[in-house]
Amino acid sequence: MQLQDYIINDIKPLSINDTIGNLQLLFNQLTYSHIPIEKDGIYLGCIPETDAHCFESEKLISDCSYTAEGFFVRNSTNWLDVLEAFAQNNSNIMPVLSLENKYLGYYELNDIIHLFNETPFFSEPGSILIVEKGIQDYSFSEISQIVESNDAKLLGAFISKIENDLAQITLKIGHTSLNDVIQTFRRYSYNIIAGHEDDSYLKSLKDRSKYLDKYLNI
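This one's a predicted model, so the numbers in the text were calculated from it and none came from an experiment. (Residues numbered from 1 in each chain as written. Predicted model: local features only at pLDDT ≥ 70, side-chain atom pairs only at ≥ 80, totals over all residues. Heavy atoms only, no water.)

> Whenever I open this one, the sheet that holds strand β4 (residues 73–74) confuses me. Can you help?
In space, the three strands of this open sheet follow the order β4-β5-β6, with mixed pairing throughout. Edge positions in the open sheet fall to β4 and β6 (103–108), since each of these has one partner strand only. Across two bridges, the pairing between β4 and strand β5 (residues 93–97) is parallel. Bridge pairing links R74 to L97 in β5. Taken strand by strand, helix α3 (residues 79–89) contacts β4, β5 and β6, and its axis lies near 130 degrees from that of β5. (Pairing = 2+ DSSP bridges. Helix = DSSP H or I, 4+ residues; strand = E, 2+ residues; numbered from the N terminus. Contact = heavy atoms within 4.5 Å. Axes fitted to C-alpha atoms, helices over the stretch in contact; angles between N-to-C directions.)

> In this structure, what is going on with the nonpolar core? I would like to understand it.
In a soluble, globular protein the nonpolar side chains are often hidden away together inside. Of all hydrophobic cores here, the largest spans 34 residues; its most connected members are L23, I61, V73, V82, M94, Y107 and I112. Secondary-structure elements contributing two or more residues to this core are α1 (20–29), β2 (34–39), β3 (42–48), α3, β5, β6 and α4 (109–117). Setting aside residues up to four positions removed in sequence, L23 forms contacts with L14, I35, I47, A52 and I61. Counting 16 residues, the second-largest nonpolar core is a separate cluster that includes V131, Y138, I143 and V147. (Core = buried A, V, L, I, M, F, W, Y, C linked by side-chain atoms within 4.5 Å. Buried < 20%, exposed > 50% of the residue type's maximum accessible area, 1.4 Å probe, protein only.)

> Looking at this model, I keep getting lost on the pairing of β2. Mind explaining?
Two faces belong to every sheet, and in a regular strand the side chains alternate between them. Where strand β1 (residues 14–15) meets β2, two bridges bridge the pair, whose relative direction is parallel. Bridge pairing in β2 links S15 to E38. Chirality of the crossover, the property in question, places the unit of β1, α1 and β2 among those that are right-handed. Both β2 and β3 contribute to a ladder of six bridges, which runs antiparallel. Across the sheet, the residue bridging to K39 is I42, located in β3. (Right-handed = clockwise from strand over helix to strand, strands pointing away.)

> So what exactly am I meant to see when it comes to a nonpolar patch on the surface here?
Where nonpolar side chains cluster on the molecular surface, the patch consists of F140, I159 and I162 and spans about 260 Å² of accessible area. Among the secondary structure elements, I159 is positioned in strand β8 (residues 154–163). (Patch = residues over 30% accessible without salt bridge, like charges linked within 9 Å, V, L, I, M, F, W, Y side chains within 5 Å. Areas by Shrake-Rupley, 256 points an atom, 1.4 Å probe, with all protein chains shown as cover. Salt bridge = Lys/Arg side-chain N within 4 Å of Asp/Glu carboxyl O.)

The structure is reproduced here in structure tokens:
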């Protein structure tokens, strides 16, 4: 199914000549964080629910239109960029405009998340591995090479955290023994943050530590 098939158009942008009471009523009837508004058929942006309830209901939307947030996506925008737009604007509704800036409808956050959950990263069986390396030192080509050199399949990868010049990369790896993959990452100076499979390297270190502790206490 194409992403455009998820465009919903049951909510038309309110005109700035409508009353704020109508805007507040719409918020009370729906569970959306924002409502789109327009002027003379031109999309202006979205009014946040928190701002809408700060104004007197008998006033016009034009009186609070300066609070409108001008976010939107195009009908040609890919789903990953749409998901990013939701996150950046802290919204659960995303207006969709054509290349000619015509309002076509909106995406609902739950629909886009559902698409994300259907990707192989989530739907295919496999293991999750989180590795860490300096921002200037890692590369996705190297990461792919490490995984595939161990006869494993990389189902997906994304940067899940950046802090103190270190990047954490979350990997979804097709069913295989993670141990060989983990050891190879270590040889390439990656830190292993988490691996959803027994890590024999750490187990070996723990066993040796217990043995040493026992030896020193004889």
